[in-house]
Amino acid sequence: MNYRLSTIHPRKAYTSDITEIIDIEVVDPISQLIIELAANITNDTSITAHAIRCLTKIELVDGSDVLFSLSGAEAEAADWYNNHVFRSPWNIYMGWGETQRFIGINFGRHLWDKELAFDPKKFRNPQLKLTLDIDAGGAVPNQNRLGVWAAMFDQKEVTPVGFLMHKEIKNYNMLASSHEYTDLPRDYPYRKMFVRCQTYDSEPGAKINKIKLSEDQDKRIIFDHIPEEILRTIAYNSPQIEEYVHVRLGTAQTSFYVTPTTRCYGIATELGDTSGSGAIAMTMGDGGRMKGICATAQKYAQVFVKGYLPHGTYELPFGNPNDIEDWFDVAKVGSLKTDIDGTSSAASTDSVQIFLQQFRKYVA
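Worth saying up front: this structure is predicted, and the values here are computed from it rather than measured.

A. Structural view of the overall build of the protein. Each helix and strand in the protein was counted, giving two helices and 23 strands. Computed over C-alpha atoms, the radius of gyration of the protein comes to 21 Å, within 12% of the 21 Å expected from 2.2 N^0.38 for 364 residues, which places it in the range of a compact globule. Counting only C-alpha atoms, the protein reaches 70 × 50 × 35 Å along its principal axes. The proportion of buried residues among the 364 residues of the protein is 54%. Here the analysis covers contacts within the protein between residues at least 6 apart in sequence; of these, 82% occur between residues at least 24 apart. When the accessible surface of the protein is split by element, carbon and sulfur atoms take 47% of a total near 15500 Å².

Below is the structure:
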């Protein structure tokens, strides 16, 4: 057998906030780690945020060496851009079940990438750290569940040259009509840079005026674009985000949360085995918060959602994504800096996160 799926952390329920530390005790190379977050539902008329917000941090460390460090929303956005599809989420916000999200940590360009994979033998004590805030999202959960699996090479002998490393570089609060400059690391080649700005009821492009990336004091300008240009050109290489959400809608506007954050819309129909009276109306869902309302009586509804920018995240790729030699070798650069220009409507309640996908080569 060339490949196998191994359980790294059996499903376990948590009733209080915690950081679960999981030792990676396998020795075979890992192509992907898959994490399940499930948030139970205690009040389906009060959905406070997207369920992924319960998973506040995902880290993979080897002692003090950080190999992966993103929030749950950042990790899901990076995973979606890598695969252009979700891992069978269960977006239920009704009744007394649970909302389930599955997030992948991708160590290669694709599943079973023989050149890029996480090789535990190259490290002394790798650990996965998962931090929960059990009621930070979902329908007022009082319990979260975690499970972790590894997609591993088994009898197939591979010798990966390195792996894809993901790290948040900066998280800051915005100011209106202001520039935020960030010096970026120049240690490992860049495959992708991500810029995330998510404010409910507002498209990311309403807060960010321009994203600029330049080297050596503007000697070479790599990116210098308004968000609309990125959305209509670079983001066009990705399909629209699609997901289904099941939710209880009332006769007053009911809020629920979706993954796309711009140009998103929902088409809803009543969930049931008989037809009811009255119409369902939906709002656009800017920033990932969608609202629905029923004309005559509250209804369980199934909503088909489409849009762009998962969790408010722009993807900025470097070179041919499949050619390691074509990625951005930042070691040759004297300085590397981003300039993110806030719009006049940006405020201190809005935040931006910058995170990277880098190629980390194993030392011989």
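B. View of the nonpolar core. Ranked by internal contacts, the top residues of the largest apolar core, which has 72 residues, are Ile30, Leu55, Ile58, Leu130, Met193 and Val352. In this structure Leu130 touches Ile18, Thr19, Glu20, Ile22, Ile35, Leu55, Lys57, Ile58, Leu146 and Val148, once residues within four positions along its chain are discounted. Core analysis: the second largest hydrophobic core is formed by 18 residues, Ala51, Met290, Cys294 and Val305 among them.

C. Structural view of the sheet that holds strand β3 (residues 30-40). Spatial ordering of the open sheet is given by β1-β9-β3-β7, a layout of four strands whose pairing is antiparallel. Strands at the two margins of the open sheet, each flanked by one partner only, are β1 (3-14) and β7 (98-106). When strand polarity is set aside, the average angle formed by the axes of neighbouring strands in this sheet is 15°. Set on the sheet, helix α1 (residues 72-83) makes contact with β3 and β7; between it and β7 the angle comes to about 65°.

D. Local environment of the side chain of Gln353. Within the secondary structure, Gln353 is located in strand β23 (residues 351-361). Its relative accessible area of 5% is what places Gln353 among the buried residues. A polar contact is formed between the side chain of Gln353 and the side chain of Asn171, at a distance of 3.1 Å. At 3.1 Å, the side chain of Gln353 forms a polar contact with the side chain of Ser351. Setting aside anything within four residues of it in sequence, one finds Gln353 in contact with Glu74, Glu168, Lys170, Asn171, Phe194, Val195 and Arg196.

E. Focus on the pattern of salt bridges. What the rule picks out here adds up to 29 salt bridges. In this structure, Glu36 and Arg11 form a salt bridge, with 2.6 Å as the shortest nitrogen-oxygen distance. Of this pair, Glu36 sits in strand β3 while Arg11 sits in strand β1, and the two are 25 residues apart along the sequence. For the salt bridge of Glu59 with Lys57, the shortest nitrogen-to-oxygen distance reads 3.8 Å. Glu59 gets classed as buried once you look at its relative accessible area, which sits at 17%. Lys57 sits in the partly exposed class, given a relative accessible area of 35%. Through salt bridges with shared partners, a single ionic network connects Arg11, Glu36, Glu98 and Arg145.

F. Spotlight on the environment of Leu249. Counting through the fold element by element, Leu249 comes out in strand β15 (residues 241-249). Leu249 gets classed as buried once you look at its relative accessible area, which sits at 0%. A sequence separation of 187 residues divides Leu249 from Asp62, and the C-alpha atoms of the two residues are 46 Å apart. Sequence-distant contacts of Leu249, defined by excluding residues within four places in its chain, comprise Thr254, Phe256, Ile280, Met282, Gly292, Cys294, Gln298, Lys299 and Ala301.

The rules behind the values
- Residues numbered from 1 in each chain as written.
- Predicted model: local features only at pLDDT ≥ 70, side-chain atom pairs only at ≥ 80, totals over all residues.
- Heavy atoms only, no water.
- Helix = DSSP H or I, 4+ residues; strand = E, 2+ residues; numbered from the N terminus.
- Rg over C-alpha atoms; globule rule 2.2 N^0.38 Å.
- Buried < 20%, exposed > 50% of the residue type's maximum accessible area, 1.4 Å probe, protein only.
- Contact = heavy atoms within 4.5 Å.
- Areas by Shrake-Rupley, 256 points an atom, 1.4 Å probe, with all protein chains shown as cover.
- Core = buried A, V, L, I, M, F, W, Y, C linked by side-chain atoms within 4.5 Å.
- Pairing = 2+ DSSP bridges.
- Axes fitted to C-alpha atoms, helices over the stretch in contact; angles between N-to-C directions.
- Polar contact = N/O pair within 3.5 Å; in protein donor to acceptor, adjacent residues only side chain to side chain.
- Salt bridge = Lys/Arg side-chain N within 4 Å of Asp/Glu carboxyl O.

Worth remembering: the numbers are spatial, not functional.
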